[in-house]
Amino acid sequence: MTKKPTIAETTNEMLSTEYFRRFSKEDNVPEEQHIKVFYETASAPSATVAAEYLRLTRGVSVSAGALAAAVRRGELTAYKIGNSLHFAPVDLDTWLESRKVGA
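Residues numbered from 1 in each chain as written. Predicted model: local features only at pLDDT ≥ 70, side-chain atom pairs only at ≥ 80, totals over all residues. Heavy atoms only, no water.

Moving on, we come to the overall build of the protein. Scanning the protein from terminus to terminus reveals 5 helices and 2 strands. Residue burial in the protein is summarised as follows: out of 103 residues, 38% are buried. For the protein, contacts bridging at least 24 residues in sequence account for 61% of all contacts bridging at least 6. (Helix = DSSP H or I, 4+ residues; strand = E, 2+ residues; numbered from the N terminus. Buried < 20%, exposed > 50% of the residue type's maximum accessible area, 1.4 Å probe, protein only. Contact = heavy atoms within 4.5 Å.)

Next up, the structure:
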């Protein structure tokens, strides 16, 4: 099983992304702390938003259907709340890393 990336491994890369800017930030909260909170929580409230996260932060185009199918196959972790899937960015990054092929 692929190890989940740590905050230290990903935060600096994500500081410049647009995804985390959608969440309001208190005045005295450093940007890194703000991102850390949302990186480890289910802050992508649908497969569509999860696909947008991967596009904005990783430059990878994945359809919402492909993400939902990965959840059904047990390849990707998500939270099912009602009829909706909610994704933690750290789980999306881990899943994406598990899809690597080649050298």
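That shown, we press on.
Mapping Thr57 onto the fold places it in helix 3 (residues 47–58). Polar side-chain contacts of Thr57 include one of 2.8 Å to the backbone oxygen of Tyr53. (Polar contact = N/O pair within 3.5 Å; in protein donor to acceptor, adjacent residues only side chain to side chain.)

Right, let's talk about the pattern of salt bridges for a bit. Following the criterion strictly, the structure yields 4 salt bridges and no others. Put simply, Glu75 and Arg73 hold a salt bridge, and the shortest N to O gap is 2.9 Å. The residue Arg99 makes a salt bridge to Glu75 at a minimum N-O spacing of 3.5 Å. Of this pair, Arg99 sits in the segment after helix 5 (89–98) while Glu75 sits in the loop between helix 4 (64–72) and strand 1 (79–81), and the two are 24 residues apart along the sequence. (Salt bridge = Lys/Arg side-chain N within 4 Å of Asp/Glu carboxyl O.)

A few words on the packing of helix 3 against helix 5. One way to put it is that helix 3 packs onto helix 5 with a least axis distance of 11 Å and a crossing angle of 70°. Taken together, the axes of helix 3 and helix 5 lie roughly perpendicular to each other. For helix 3 against helix 5, the interelement crossing comes out right-handed. Every residue of helix 5 that contacts helix 3 at Ala50, Tyr53, Leu54 and Arg58 is listed here: Pro89, Leu92, Asp93, Trp95 and Leu96. Counted by class, the contact of helix 3 with helix 5 contains 7 nonpolar, no polar and 2 charged residues. (Axes fitted to C-alpha atoms, helices over the stretch in contact; angles between N-to-C directions. Parallel < 35°, antiparallel > 145°, perpendicular 65-115°, else oblique. Left-handed = near helix turned anticlockwise from the far one by under 90°. Nonpolar A, V, L, I, M, F, W, Y, C, P; charged D, E, K, R; others polar.)

Side chains three or four residues apart in an α-helix point the same way, a direct result of the helix having 3.6 residues per turn. Along helix 4, the positions that sit buried rather than exposed are Leu67, Ala68, Ala69 and Ala70. Buried residues along helix 4 sit against helix 3, strand 2 (84–86) and helix 5.

With that settled, consider the nonpolar core. Grouped together as the largest cluster of nonpolar side chains are 23 residues, with contacts concentrated most on Tyr53, Leu54, Leu67, Leu76, Phe87, Leu92 and Trp95. Here this core gets 6 residues from one element, more than from any other, and that element is helix 3. Not counting the four nearest positions on each side in its chain, Leu92 is found in contact with Ala50, Tyr53, Leu54, Leu67, Leu76 and Phe87. (Core = buried A, V, L, I, M, F, W, Y, C linked by side-chain atoms within 4.5 Å.)

The next thing to look at is the environment of Ile35. Following the sequence through the fold, Ile35 ends up in helix 2 (residues 31–39). As a C-alpha pair, Ile35 and Lys25 span 10 residues in sequence and 9.5 Å in three-dimensional space.

Further remarks concern helix 2. For helix 2, the set of buried residues is His34, Ile35 and Tyr39. Projected onto a plane normal to the axis of helix 2, the buried residues spread over an arc of 130° and lie on a single side. (Arc of directions from axis to C-beta.)

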